[in-house]
Amino acid sequence: VPYAYTDGLWINTFELVLIYFAIVIFLYYSLIPRVKYLFIGLFSVLLVFANISIKQFQILSQNSLIVFDIPQTTAIAFQSGRNMYLLSNLKGEKGKQLFNFHLKNYLENHGIKNISLLTKDTINPVFIYYHNFVSIDSTIIGIVNKNFQKKQNGRPKVDAIILTNN
């Protein structure tokens, strides 16, 4: 099934078609043993592995900001390779249900292995969350919510602003 997920293996439509093509070619090779059918089948298998490798490389080299659309909930994620830093107000059993419904599929499809839940004043080598400001990869993001208080004179220097009602 295209876009099916099984324990770390996620196959898209292109890869599925190549796998089916390789199976048909190998069956044809078993009926009519010609070297060219063997090479065609092996080449299609090679294309599948190359495509999977390219996807893995893209996952490891990506850095992104994701704002999840969850009703009356803040869920902002910062992805760096296979690591995700999640800033959210998901709590308790309801939060777990919302997480599984809205975020789990994204995490599995994008190869996320480590999730760090962020709290106020989190500082680590990749990420800083202090008051309503987030810094990741030299990008500063201001989060304006109902509890936001301007604490300095002048304009804070930010690269992006996220407005939330939570």
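Residues numbered from 1 in each chain as written. Predicted model: local features only at pLDDT ≥ 70, side-chain atom pairs only at ≥ 80, totals over all residues. Heavy atoms only, no water.

Across its full length, the protein carries 3 helices and 11 strands. Written out in order from the N terminus, the α and β elements of the protein read β-β-α-α-β-β-β-α-β-β-β-β-β-β. Counting all 166 residues of the protein, 31% fall into the buried class. Long-range pairs, those at least 24 residues apart, make up 35% of the contacts in the protein with a sequence separation of at least 6. For the protein, the exposed area adds up to about 11400 Å²; of that, 60% sits on carbon and sulfur atoms. (Helix = DSSP H or I, 4+ residues; strand = E, 2+ residues; numbered from the N terminus. Buried < 20%, exposed > 50% of the residue type's maximum accessible area, 1.4 Å probe, protein only. Contact = heavy atoms within 4.5 Å. Areas by Shrake-Rupley, 256 points an atom, 1.4 Å probe, with all protein chains shown as cover.)

This part covers the side chain of Asn51. Counting through the fold element by element, Asn51 comes out in helix α2 (residues 35–61). When neighbours within four sequence positions are excluded, Asn51 is seen to be in contact with Asn12, Phe14 and Glu15.

This next bit is on the packing of aromatic side chains. Evaluation of the coordinates by the stated rule reveals 1 aromatic pair. For the ring pair Tyr28 and Tyr37, a centre distance of 4.8 Å and an interplane angle of 85 degrees mean the geometry is edge-to-face. (Phe/Tyr/Trp six-rings, centres within 6.5 Å; stacked < 30°, edge-to-face > 60°.)

Attention now goes to helix α1 (residues 13–31). Over its 19 residues, α1 extends 27 Å from the first C-alpha to the last, a length consistent with the 27 Å expected when each residue adds 1.5 Å. Within α1, burial applies to Glu15, Leu16, Leu18, Ala22 and Ile25. (Expected span 1.5 Å × (residues − 1).)

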